[in-house]
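This is what each chain is made of:
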Amino acid sequence: MFARFRRRRLSPVLRDLLQETHLSVDDFIYPLFLRGGEGIRNEVASMPGVYQLSIDEAIRECESLKALGLRAVILFGIPDVKDSVGSDALCEHGIIATALREIKTAHPDLFVVTDLCFCEYTDHGHCGILDPVLETVDNDLTLVNLGKQAVIHTKAGADMIAPSGMMDGMITAIRSALDEAGFPHLPIMSYSTKFASAWYGPFRDVAESAPSFGDRRSYQMNPANRREAILESLEDEEEGADILMVKPGLAYLDILRDIREASRLPLAVYNVSGEYSMLKMAAKAGVIDYERVMMETLLGFKRAGADIIISYHAKEAAELLRS
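To keep things clear, this report deals only with the structure shown in the data block. Note that the coordinates shown come from a computational prediction; the quantities given were computed from them, not determined experimentally.

1. Quick look at the nonpolar core
Reasoning step 1: In terms of nonpolar packing, the biggest core is built from 103 residues, with F33, L75, I103, L178, M189, Y270 and L298 touching the most fellow members.
Reasoning step 2: Beyond its immediate stretch of four places on either side in the chain, L75 contacts L32, L34, I96, L100, I103, V112, V113, T114 and D115.

Dropping the structure here:
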């Protein structure tokens, strides 16, 4: 006697009834990249379908997103002027603070998350204030600025803060700053396990955030380290994060599952730029069925344990899910 699993696969109706993992438009957060000016919609060569947007264009984009059923975005800023400390990120009239006010005025029903980091705002492209002796980010000085940045974003209308710099103690610092400023209700979605990955290449094109020297391995995680990856997320949970995240996704599904099993907090995954571009270029070369591979990839993130998927595919996925 042997098991006949195929009995449950013969009928398409029964296959649907027994499907264990499901994708929904409610699973997605869509990234937006904002810069100053008007009427700007610059497509990124390495990321077909992804644009640098002026705020007026972003407001129009949000209307299109809502029409697809997408209700959450995450904002990244591209300032006109960068300096050593990322002053634009600490200014109430900086690109993100300005965008938040205008987007929330136009779309009060949209859930707006802000990426909290300094790499896009500094002239050196690193994620905080530099320690000139160690030639890396000064962890504790950067914590102070992260707290200031979080309060500015929240006052401008952010619905959730998402710190991505992988500074030790960042959740404690941001939570304390928000609570002291009168925002104890605001959730924090931490990039709690973020690897020093080669999958980010196209993002640095769209965000204009490549480091001017060295790399980020002194603060982002070693891709080889599994136990440390779990500890990083559990520490952010202990410090008060409301949602954890693994970034990138495809090469780290084991880590996503590990953290899902170690924590009961909601868990996000960032389907990063290199993963997106890889599918786009493979489709252009005619070697994959793009829509099927895209949806299979997104389903894989859900199956591995993600509750939230941050993805540049979100618009295309939403169209397919609604059809």
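2. Some remarks on helix α11 (residues 314–322)
Reasoning step 1: Listing the buried residues of α11 in full gives A314, K315, A317 and A318. The buried side chains of α11 occupy one side of the element, clustering within an arc of 160° when seen end-on.
Reasoning step 2: The elements touched by buried residues of α11 are β1 (28–35), α2 (55–67), α10 (290–304) and β12 (308–311).

3. With respect to the pattern of salt bridges
Reasoning step 1: Scanning the model with the defined rule gives 14 salt bridges in all.
Reasoning step 2: In this structure, the salt-bridge partner of R226 is D258, at a minimum N-O distance of 2.5 Å. One end of the pair, R226, is in helix α7 (residues 226–239); the other, D258, is in helix α8 (residues 253–262), and 32 residues separate them in sequence.
Reasoning step 3: Overall, the relative accessible area of 45% leaves R226 in the partly exposed class.
Reasoning step 4: Each of the salt bridges in this network shares a partner with another, and the network as a whole consists of R41, E61 and K315.

Cut-off values and rules
- Residues numbered from 1 in each chain as written.
- Predicted model: local features only at pLDDT ≥ 70, side-chain atom pairs only at ≥ 80, totals over all residues.
- Heavy atoms only, no water.
- Core = buried A, V, L, I, M, F, W, Y, C linked by side-chain atoms within 4.5 Å.
- Buried < 20%, exposed > 50% of the residue type's maximum accessible area, 1.4 Å probe, protein only.
- Contact = heavy atoms within 4.5 Å.
- Helix = DSSP H or I, 4+ residues; strand = E, 2+ residues; numbered from the N terminus.
- Arc of directions from axis to C-beta.
- Salt bridge = Lys/Arg side-chain N within 4 Å of Asp/Glu carboxyl O.

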